[in-house]
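Observations on the three-dimensional arrangement
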Amino acid sequence: MTKMVQLLNQTYAQTGNSTAMNDMGMREMQSRAFAKRQSQYLLIKSPPASGKSRAMMFLALDKLINQGIKKVIVAVPEMSIGKSFKSTALSQYGFFADWEVDDRYNLCLNNYQSDNSKTEIFSEFLREIGEGAPMVLVCTHHSLRYGYDKVADVSLFNDVLLGIDEFHHVSASDNNRLGAIIDEIMTQSNAHIVAMTGSYFRGDAVPILLEKDEEKFDKVTYTYYEQLNGYNHLKSLSLNYCFYTDSFFDALPDCLDTRLKTIIHIPNVNALSAETDKYETVRKIIGYIGETVNVDTDTGVLTVKTDDGRLLKVADLVNDDATRVKTQAYLANITERDDMDIIIALGMAKEGFDWVYCEHVLTIGYRGSMTEVIQIIGRATRDVAGKTHAQFTNLIAMPEASQTEVTNAVNDMLKAISLSLLMEQVLAPNVNFKPRSEAKPDEVLPIGTIIIEDSVNPPSKRALQILNQDSNEIIAEISQNTQLAKQYIQATPEFKNGLDADEQAEIISDTVLPTMLRIRYPYLDDDEIGQVQQGVMTKLLINNSGGIVEINQIPNDADIEGERQYIEQNGKYIDITHLPAAQRESLDPVNIIKERHLPYNVTIFDPTTNQDSRRTTNTTNEQFVKIGKKFINVADLPINLINAVNPFQRGYEVLSKNLDSQALHTINEVVLATRSTMTEQEAFGLWERINDFIARTGNEPNRNSNDAQEVRMAEALNFIRIKVAEQRNSQSNSEAQNNG
């Protein structure tokens, strides 16, 4: 059985803004980054295909020509990405210089060059100075690590710009050499650093930079929403989950449409979702697609004939033989839509892989890193004529009570909800916070700008900076905490535990989030912790409710919470609530003006006090959220509504409506097991009573019973089942290792 569930579908306006160039040949993101070109340390957070490589070129050339930098080193995670930094004639688009890299110093060109050879060239590059000396080197992160250890002199990085592409590969952990190298270069030289990433989230929750280092970086953020909304062709992006029982091969007819340009990522042989070795997995997938009728000996590309007679080109990037190099070379030079139809990959075709025609990424089995999943999604979000929709499909096992891996299966499903939560935030218009005192009365603010009243208890600059720069990282941390997800799910109305859902969610947030924030930002005081928490919860509420709605997008007949109504008399406007009841009842509706239509800076007359006042609120800056059937001004969101937001409610609600009762029951049992105070000793001590109960009643004990003893036996039975499944899994893994 297979069940397809769509957890997210985002549409875009196709404004063309993110792809349009200015008179220097820069796209919107690149121009934003270039405005920060004087920064010694710059972190660019921008989605795939937004032009990060060329942004690095613009910044590097300005530093070489105008800022006294003598050399530039650009490091990428793998050789295939190095082609993005090949020599480029930027001047033909309006820039003041061209990007030129001598082939000798592009260490990503030759697949057969040894580490020793690359290390020697790296050392030569840094030590050669003076007129005619090379100025630009491109290498992998691996070569940077080896080269740095080879030169063993951090002073050689003085007056050097170090550019790190896909910066999320770095971490501050003790065993991350690249992270240690960056720390040494920052503390022991005057080097400049430009770091770029399309996904600043780490699945292992280890910080990418030490706090003392991260504080030194200026940050440029270009959101997924800005990128995708500014495309010319792509209209929508969806996140789909295909839940299967038995075998994922049997689910392929429901989730693999061979008419879509697709990348299939298969599971590692050691993953729980793997059913056979990687070679057999590829053979079975190709067998589903159709019959192989030809293999091109020059490229390794397979021609597969489908049951309905179509001929598809399929690339196998799983078999790690000499043919794969030919296939990679072919894929790197695709220029037409018909050059490729389906790519099957394992550990490849993710970050930096550029196949613009890809419109569907199908990932088999859950991926533990959100960074990896976001990179995978990015393969389908390139903008190209003829592609209007992109989709990500994750094929995940349906939890079954009989599975030895039931807890892991449930956790994978909860992580799917977590990913949809994070992507909902990432793909929505960015929410920024601005104090009222800093907003000019006639200023038209960007969409997503939330005005904070700061006349009383104003937010600190530190709290505002965290909200405007780190809120997605905080939400990512919430999303990746499976135990926290289980707590929030128990607080949803759909879970039906008999308790007040809003009150439970508020208790969880007030208990967990302040602790999380104090660990992340130990320098904040209690007021600032509260300000950040409320801001993050406000952003969650806004995006969980469908995002910001501008006043001109609200239908004229829609209700706005607390909206006033006016009539005009003698050039002044009167709130009709200030009129006598008889006069209000006799008003012609045609003459009533809703507050949303009231002109800016007009005179408001109050007949009850005989006083005039000026309307100073600029309605073009008012932002709304739709809650139920009403629109509420973001500035007027009730604090209890903000505090009671449940990040996981919508995702769980979608699952509860789409999964069958048995699957949902299995999920709920695993979730509830995390709440129980049951111990192993008590559980097995109740085993005899449980058997007696089943023999007497013919039913298992019910957790929802009014009998407290029956409830306790039900909790014990669930506890025992999970423990037995874990032991079977441990035994199975042990036997596999012994047999291997």
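Let us look at the structure shown here. Worth saying up front: this structure is predicted, and the values here are computed from it rather than measured.

**Re the overall build of the protein**
Within the protein one finds 23 helices and 26 strands. Over its C-alpha atoms, taken along the principal directions, the protein stretches across nearly 90 × 80 × 55 Å. Across the 740 residues in the protein, those meeting the buried criterion constitute 53%. In the protein, the share of contacts with a sequence separation of at least 24, taken over all contacts with a separation of at least 6, comes to 74%. Of the roughly 33,700 Å² that the protein leaves accessible, carbon and sulfur atoms contribute 45%.

**Comments concerning the packing of helix α15 (residues 501–520) against helix α16 (residues 526–544)**
The N-to-C vectors of α15 and α16 enclose an angle of 115°; their axes lie 10 Å apart at closest approach. Note that α15 runs across α16; the crossing there is right-handed. Here Ser509, Asp510, Leu513, Pro514, Leu517 and Arg518 of α15 come into contact with α16, specifically with Asp526, Ile529, Val532, Gln533 and Met537. For the contact of α15 with α16, the residue count by class is six nonpolar, two polar and three charged.

**What to know about the sheet that holds strand β8 (residues 236–244)**
If you trace the nine strands from one edge of the open sheet to the other, you get β1-β8-β15-β14-β9-β13-β12-β11-β10, paired in mixed fashion. Each of the sheet's edge strands pairs with one partner strand only, and the pair in question is β1 (2–11) and β10 (291–295). Recorded for the sheet is a direction-independent mean angle of 20° between the axes of neighbouring strands. With four bridges connecting them, strand β9 (residues 262–265) and strand β13 (residues 342–345) associate as parallel partners. Within the sheet, the bridge partner assigned to Ile263 lies in β13 and is Ile343.

**What about the environment of Gln583?**
Along the chain, Gln583 turns up in helix α17 (residues 581–585). Non-local contacts of Gln583, meaning those with residues more than four positions away in its chain, are made with Ile567 and Gln569.

**Observations regarding empty space enclosed by the protein**
Enumeration over the complete set of coordinates arrives at three cavities of 30 Å³ or more. For the lining of the second largest cavity, the elements supplying multiple residues, two or more each, are α12 (406–427) and α19 (649–658). Per element, the largest residue contribution to the lining of the second largest cavity is four residues, and it comes from α12.

**Topic: the nonpolar core**
Nonpolar side chains tend toward joint burial in soluble globular proteins. By size, the foremost hydrophobic cluster in this structure holds 104 residues, and its most contacted members are Tyr241, Phe243, Ile343, Trp355, Phe392 and Val532. A total of twelve residues in this core trace back to one element, the largest contributor, which is α12. Not counting residues up to four positions away in its chain, the partners in contact with Val532 are Ala463, Ile466, Leu467, Ile474, Leu517 and Leu524.

**Considerations on the packing of aromatic side chains**
Tallying each qualifying case throughout the model produces 14 aromatic pairs. Relative to Phe248, the ring of Tyr244 has its centre 6.3 Å away and its plane inclined at 80°; by these criteria the two rings are edge-to-face. Judged on exposure class, the residue Tyr244 and its partner Phe248 are both buried. Through successive ring pairs, a cluster of aromatic residues spans Phe34, Phe58, Phe95 and Phe96. The cationic tip of Lys71 hangs over the ring face of Phe125; the distance from NZ or CZ to the ring centre is 4.6 Å.

**Quick look at the sheet that holds strand β18 (residues 549–550)**
If you trace the four strands from one edge of the open sheet to the other, you get β18-β25-β26-β19, paired in mixed fashion. With partners counted over all chains shown, the strands left at the sheet margins are β18 and β19 (559–560), one partner each.

**Some thoughts on the pattern of salt bridges**
Under the definition given, this model contains 23 salt bridges. Ionic pairing is found between Lys630 and Glu561, a salt bridge with its closest N-O pair at 3.4 Å. A residue pair is termed long-range when its members are at least 10 positions apart, and Lys630 in strand β26 (residues 630–633) and Glu561 in the loop between β19 and β20 (565–569) qualify at 69 residues. The class of Glu561 is partly exposed, set by a relative accessible area of 43%. A salt bridge links Arg564 to Asp575; the nearest nitrogen and oxygen atoms lie 2.5 Å apart.

Reading the values: rules and limits
- Residues numbered from 1 in each chain as written.
- Predicted model: local features only at pLDDT ≥ 70, side-chain atom pairs only at ≥ 80, totals over all residues.
- Heavy atoms only, no water.
- Helix = DSSP H or I, 4+ residues; strand = E, 2+ residues; numbered from the N terminus.
- Buried < 20%, exposed > 50% of the residue type's maximum accessible area, 1.4 Å probe, protein only.
- Contact = heavy atoms within 4.5 Å.
- Areas by Shrake-Rupley, 256 points an atom, 1.4 Å probe, with all protein chains shown as cover.
- Axes fitted to C-alpha atoms, helices over the stretch in contact; angles between N-to-C directions.
- Left-handed = near helix turned anticlockwise from the far one by under 90°.
- Nonpolar A, V, L, I, M, F, W, Y, C, P; charged D, E, K, R; others polar.
- Pairing = 2+ DSSP bridges.
- 1 Å grid on protein atoms, 1.4 Å probe; cavity = no way out; pocket = protein on both sides within 12 Å on 5 of 7 lines; lining within 4 Å.
- Points joined across faces, edges and corners; volume = space filled by probe spheres on them.
- Core = buried A, V, L, I, M, F, W, Y, C linked by side-chain atoms within 4.5 Å.
- Phe/Tyr/Trp six-rings, centres within 6.5 Å; stacked < 30°, edge-to-face > 60°.
- Lys NZ or Arg CZ within 6 Å of the ring centre and 35° of its normal.
- Salt bridge = Lys/Arg side-chain N within 4 Å of Asp/Glu carboxyl O.

The analysis is restricted to geometry; functional conclusions fall outside its scope.
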